[in-house]
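The residues making up each chain are set out below.
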Amino acid sequence: MMNIYDLSRKYEFTVISYKRAEKKEYNMIVRIHSIPAKEKGLYAYQFLCEEYIYKDDEDSLFLEELSSVFNNLIAFGDEKGELVNFYSHKRIQQKWNEVKTSILRESEGDEILNFTQGIDVIINDRKAITSFLGSDKMYGLFFNKQWERLKVFCDENKKDEKEIILENLPEYKFVCTEGFIREVTKRTSNHLYKMLCRGKI
């Protein structure tokens, strides 16, 4: 993310959840390109998801269909690094309607119906989608709201690898290499979130 102004790299996003003895994991391989933003103080990025990897085969096809709703996305961050907007709401709604039709054709029952109705509520609410995209389950480690602070560390560390722990965010670990944030990890009591840069495109 540093340099946030001229970015063209491939990332791997990982989410691991722990519930009792059960462990679930999924990965997204995503190309992120910075693109010109018309509004001053905003930075625009295209997110192209190349691959979804789910460790739980039972849910993999269903989750892949759901994830495809957001597999080609343009999102906007402010100078702090907070995701504040996205494009295009209508395209996302259209894609979800296609996926929902497929899900309801292949599955039935109250549980599936309630699930799709819950997604409907999110998809039809622009603020809810913005919040979801900026969450740790999606792109919250990229849009981590710490760009200004991290830039200081990156500017000071142009050669060696350095781990960065911010006092007010002890659950996060940032790894800076050659002036660039290469890795972000966040641990909670039940989850591990990780973003790893896999190289330039």
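This report concerns the structure included in the present document. (Residues numbered from 1 in each chain as written. Predicted model: local features only at pLDDT ≥ 70, side-chain atom pairs only at ≥ 80, totals over all residues. Heavy atoms only, no water.)

Let us look at the packing of aromatic side chains. Within the structure shown, the criterion is met by 17 aromatic pairs. Pairing Y11 with F13 gives two aromatic rings, centres 6.2 Å apart and planes at 40 degrees, and the pair type is tilted. By the burial criterion, Y11 is buried, and F13 matches it. When the centroid spacing of 5.6 Å and the interplanar angle of 40 degrees are considered together, the rings of Y26 and Y54 count as tilted. Of this pair, Y26 sits in strand β2 (residues 22-35) while Y54 sits in strand β3 (residues 42-54), and the two are 28 residues apart along the sequence. (Phe/Tyr/Trp six-rings, centres within 6.5 Å; stacked < 30°, edge-to-face > 60°. Buried < 20%, exposed > 50% of the residue type's maximum accessible area, 1.4 Å probe, protein only. Helix = DSSP H or I, 4+ residues; strand = E, 2+ residues; numbered from the N terminus.)

All buried positions along helix α5 (residues 147-156) are accounted for by W147, L150 and C154. The buried residues of α5 all sit within an arc of 65 degrees when viewed along its axis, so they share a single face. (Arc of directions from axis to C-beta.)

The subject of this paragraph is the sheet that holds strand β8 (residues 180-187). Spatial ordering of the open sheet is given by β5-β4-β3-β2-β1-β9-β8-β7-β6, a layout of nine strands whose pairing is antiparallel. The open sheet has two edge strands, β5 (83-87) and β6 (161-166), and neither has a second partner. This sheet shows a mean twist of 25 degrees between the axes of neighbouring strands, independent of strand direction. Pairing analysis gives four bridges linking strand β4 (residues 72-78) to β5, with the strands arranged antiparallel. Paired with I74 across the bridge in β5 is Y87. Helix-sheet contacts for α5 involve β3, β4, β6, β7 (169-177) and β8, and the interaxial angle to β6 is about 145 degrees. (Pairing = 2+ DSSP bridges. Axes fitted to C-alpha atoms, helices over the stretch in contact; angles between N-to-C directions. Contact = heavy atoms within 4.5 Å.)

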